[in-house]
Number of protein chains: 2
Amino acid sequence: MSRGNTRQRIQDVALKLFAERGYEKTSLREIAEQLGVTKAALYYHFKTKEDLVTSLFEDLVLGPCDEVIAWARVHRPTTLEAKLQILRRYSACIGNATPLVRFMHENQATLRELSIGEQMKKRIFTLLGFLKDQDAALTDQVRCTSALFTMHSTLFTLDSSGAGPEDKRRAALEVAEELVTAAHHGDGA
Amino acid sequence: MSRGNTRQRIQDVALKLFAERGYEKTSLREIAEQLGVTKAALYYHFKTKEDLVTSLFEDLVLGPCDEVIAWARVHRPTTLEAKLQILRRYSACIGNATPLVRFMHENQATLRELSIGEQMKKRIFTLLGFLKDQDAALTDQVRCTSALFTMHSTLFTLDSSGAGPEDKRRAALEVAEELVTAAHHGDGA
DNA sequence: GTCTATACGGCGATAGAC
DNA sequence: GTCTATCGCCGTATAGAC
């Protein structure tokens with residue numbers, strides 16, 4: 001049973017429950033129960049509940065996200081094409097972690113008070129800084145912000161459309177590219 | 001002091017704390033403390049914590065939201081101009097309740113399990129149904145969904161821009177109109 | 001190294017005194 | 001209309017079994 005993969009099994013159950021029911025409504029007792037252990041056992045593998053949720057971000061999105069930022073820093077995206085490259089890379093990065101992105105989007109108030117939430121926010125703001133000009137017209141800033149949020153939320157909405165995850169990811173990317181393109185050309189000035 | 005307006009004073013403090021710290025992290029003891037009473041006193045004015053948050057939505061956005069839906073049902077928005085009218089009316093409606101919209105957006109996981117959350121979700125879905133065609137291309141459905149979310153989130157983001165609340169509301173409405181216009185013309189087909 | 005038993009203060013909620 | 005007292009569940013912490 002517990003062949004050194006207990007930590008991984010805790011993470012799997014936690015991510016599932018966190019995404020379904022939210023961070024606060026998911027108790028450690030619930031997580032432990034689904035694994036057939038007591039909640040005290042979780043404290044051997046993770047110092048706190050926050051430490052558990054932090055590990056999910058570290059293992060699933062933090063690294064890939066930093067790679068996109070590193071790429072952006074090197075390429076200094078002043079051209080539209082470079083900006084669109086950032087969108088494509090970020091879209092691919094979050095597309096592999098749909099449940100966690102959903103959790104992040106739907107638990108912003110909770111994550112705001114957690115260290116990992118601040119870290120994720122900082123990274124998203126950094127990416128946003130590469131997409132939009134600080135002095136751009138307000139509508140253009142709205143367009144770029146909306147582009148990122150659209151890529152996030154489309155991953156777990158539009159279930160009624162019957163479209164698959166990859167189709168939705170591509171459609172969201174397409175709309176995001178449009179928004180950033182419009183902002184780059186400065187329609188809102 | 002408590003001249004029959006105690007209920008209102010509880011709502012004011014609750015909305016402020018819910019928007020700042022989130023629903024779950026805000027305890028009834030905190031709310032009571034700021035009012036100089038014990039938490040048990042709150043239970044005279046509101047049956048439960050859920051009843052308290054529900055009253056905020058009922059008093060601030062539920063009525064105006066239903067008026068927009070009623071208008072939409074009467075006018076059957078098949079033309080682009082009618083769809084844009086819905087956006088403008090909805091924008092005005094939520095513009096008067098920025099803290100509550102922020103709370104709604106940042107506590108989706110929590111609200112999903114509350115009756116009032118389901119009711120709000122149903123209303124937003126209804127509005128979305130007037131904006132987008134069920135059989136439209138996936139990108140067009142993404143555009144319309146993004147339009148509504150953009151109007152929501154712009155109310156409480158872009159603080160670094162230094163723009164005022166009304167400027168941000170108008171900028172978000174402008175971008176939303178663009179998105180719905182593009183979807184109406186069926187660029188994504 | 002892995003986990004159970006037990007305890008603590010804070011939470012939402014209720015009952016009943018004033 | 002507001003209080004005290006109490007309840008069961010929460011996250012957290014630790015002692016100790018194996």
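As annotated in an unreviewed UniProt entry, chain A is TetR/AcrR family transcriptional regulator from Streptomyces tubbatahanensis.

### A short note on the protein's contact with DNA strand C
Neighbouring residues of DNA strand C: 18 residues in total, closest Y44 and H45 of chain A together with R29, K39 and K49 of chain B. The sugar-phosphate share of atoms of DNA strand C within 4 Å of the protein amounts to 63%. L28 of chain B places a main-chain nitrogen or oxygen 2.9 Å from a phosphate oxygen of DNA strand C. Sorting the residues of the surface near DNA strand C by element identifies α3 (39–45) of chain A together with α2 (28–35) and α3 (39–45) of chain B as the ones contributing at least two each. A per-element tally of the surface near DNA strand C places α3 of chain A first, with 4 residues.

### What about the state of the cysteines?
Residue and element names in this part refer to chain A. Under the defined criterion, the tally for this structure stands at 0 disulfides over all chains. Cysteine C65 shares no disulfide, and the gap to the nearest cysteine sulfur, in C93, comes to 4.9 Å. On the basis of relative accessible area, C93 is assigned to the buried category, the value being 7%.

### Topic: the side chain of T110 of chain B
Relative to the assigned elements, T110 of chain B resides in helix α7 (residues 108–111). In contact with T110 of chain B, other than residues within four places in its own chain, are Y23 and E24 of chain B.

### Digging into the nonpolar core
Grouped together as the largest cluster of nonpolar side chains are 122 residues, with contacts concentrated most on I31 and F57 of chain A together with I31 and F57 of chain B. When near neighbours in sequence (up to four residues on either side) are disregarded, F57 of chain A contacts L62, L100, F103, M104, L111, I116 and M120 of chain A.

Conventions we followed
- Residues numbered from 1 in each chain as written.
- Chains lettered and ligands numbered in written order.
- Predicted model: local features only at pLDDT ≥ 70, side-chain atom pairs only at ≥ 80, totals over all residues.
- Heavy atoms only, no water.
- Near = heavy atom within 4 Å.
- Polar contact = N/O pair within 3.5 Å; in protein donor to acceptor, adjacent residues only side chain to side chain.
- Helix = DSSP H or I, 4+ residues; strand = E, 2+ residues; numbered from the N terminus.
- Disulfide = S-S within 2.5 Å.
- Buried < 20%, exposed > 50% of the residue type's maximum accessible area, 1.4 Å probe, protein only.
- Contact = heavy atoms within 4.5 Å.
- Core = buried A, V, L, I, M, F, W, Y, C linked by side-chain atoms within 4.5 Å.

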